[in-house]
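Observations on chain architecture
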Amino acid sequence: GRIRGILYNVGMNLILWAVLFGVGIIAAIISLAGEAGGSIAGIIGGIGYFAILIASMVAGLSIVVRRLHDINWSGWLALLAFVPLLNLVIVIVMLFIPGTKGANDYGPPPPPNKGWMVPTVIAVFVAIPLIIGILAAIAVPAYNDYLERAKQQQIEQRQE
């Protein structure tokens, strides 16, 4: 269903970013080893990034195919995700078209959503951006004030 697909996608992206962060940390540690470490780190980072990219593409296509099967469409339409502008149409369709009622050509209906799924989607798309916005509204003026005070301090030091 739509909610389950959104949650799978969010979960996959969180895992993807965590793994990319880990690969970046490992590459940074290796690059600190000296001249040879820098080239090895680049190789490890490149191979790690490519492997993660392929894995995330496979997982993402799997989610798209499941959702297309939920609305009784062929999974081959998932290949439209690689066509610019048509990929946006596919995303919009998958977000707004409900799944078929009961069994369809691709099997039984997915199990009903659990009670925690809808609040989780609301939290991911409403509460978390709201919290980030509030923190940014506090942090940006404080940082600008800090920069202004640092400039004033430099001017005072030059005058002395």
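Just so it is clear, the structure is predicted and the values come from calculations on it, not from any experiment. (Residues numbered from 1 in each chain as written. Predicted model: local features only at pLDDT ≥ 70, side-chain atom pairs only at ≥ 80, totals over all residues. Heavy atoms only, no water.)

So, the packing of helix α1 (residues 2–31) against helix α4 (residues 117–159)
Relative orientation and spacing of two packed helices are given, respectively, by the angle between their axes and the distance between those axes. Relative orientation of the contacting elements α1 and α4 amounts to 50 degrees, with a least axis distance of 10 Å. As the angle between them shows, α1 and α4 are arranged oblique. Handedness of the α1/α4 crossing: left-handed. Between α1, through Ile-3, Arg-4, Ile-6, Leu-7 and Val-10, and α4, the contact on the second element is made entirely by Met-117, Val-118, Thr-120, Val-121, Val-124 and Phe-125. Among the residues making up the contact of α1 with α4, the classes are represented as nine nonpolar, one polar and one charged. (Axes fitted to C-alpha atoms, helices over the stretch in contact; angles between N-to-C directions. Helix = DSSP H or I, 4+ residues; strand = E, 2+ residues; numbered from the N terminus. Parallel < 35°, antiparallel > 145°, perpendicular 65-115°, else oblique. Left-handed = near helix turned anticlockwise from the far one by under 90°. Contact = heavy atoms within 4.5 Å. Nonpolar A, V, L, I, M, F, W, Y, C, P; charged D, E, K, R; others polar.)

Describing the confidence of the model for the chain
Scored by pLDDT, the chain comes out at a mean of 82, with 96% of its residues at no less than 70. Across the chain, the element-wise mean pLDDT spans from 79 in α1 up to 87 in α4. (pLDDT = per-residue confidence, 0-100.)

Let's talk about the nonpolar core
Val-64, Leu-68, Ile-71, Ala-78, Ile-90, Val-93 and Met-94 form the largest nonpolar core, which has seven residues in total. Among the elements of the structure, α2 (35–70) and α3 (86–96) are those that each provide at least two residues to this core. Ranked by residue count, the leading element in this core is α3, at three residues. Ignoring anything within four residues of it in the chain, the contact list for Leu-68 reads Trp-73, Ser-74, Gly-75, Leu-77, Ala-78 and Met-94. (Core = buried A, V, L, I, M, F, W, Y, C linked by side-chain atoms within 4.5 Å. Buried < 20%, exposed > 50% of the residue type's maximum accessible area, 1.4 Å probe, protein only.)

Details of unusual backbone geometry
If a residue is not glycine, its phi is most likely negative; likewise, a peptide bond is most likely trans. Even without a glycine there, the phi angle at Asn-72 is positive, about 65 degrees. Secondary-structure assignment places Asn-72 in the loop between α2 and α3. Residue Asn-72 is classed as partly exposed on the basis of its relative accessible area, which comes to 27%. A positive phi angle is found at Leu-85, which is not glycine, with a value near 75 degrees. As for its position among the elements, Leu-85 is in the loop between α2 and α3.

So, a nonpolar patch on the surface
Together, Tyr-49, Phe-50, Leu-53, Ile-54, Met-57, Val-58, Trp-76, Leu-79 and Phe-82 make up an exposed nonpolar region whose accessible area comes to about 970 Å². Relative to the assigned elements, Tyr-49 resides in helix α2. (Patch = residues over 30% accessible without salt bridge, like charges linked within 9 Å, V, L, I, M, F, W, Y side chains within 5 Å. Areas by Shrake-Rupley, 256 points an atom, 1.4 Å probe, with all protein chains shown as cover. Salt bridge = Lys/Arg side-chain N within 4 Å of Asp/Glu carboxyl O.)

Looking at the pattern of salt bridges
Under the criterion given, the structure shown has two salt bridges. Arg-67 is the partner of Asp-70 in a salt bridge, and the nearest nitrogen-oxygen pair spans 2.6 Å. A residue pair is termed a helical-turn pair when its members lie 3 or 4 positions apart in one helix, as Asp-70 and Arg-67 do in helix α2 at three residues. This pair shows no difference in class: Asp-70 is buried, exactly as Arg-67 is. Close ionic contact of Arg-149 with Asp-145 constitutes a salt bridge, the shortest N to O distance being 3.3 Å. Taken together, the positions of Arg-149 and Asp-145, both in helix α4 and four residues apart, correspond to about one turn of that helix. Judged by relative accessible area, which is 41%, Asp-145 ranks as partly exposed.

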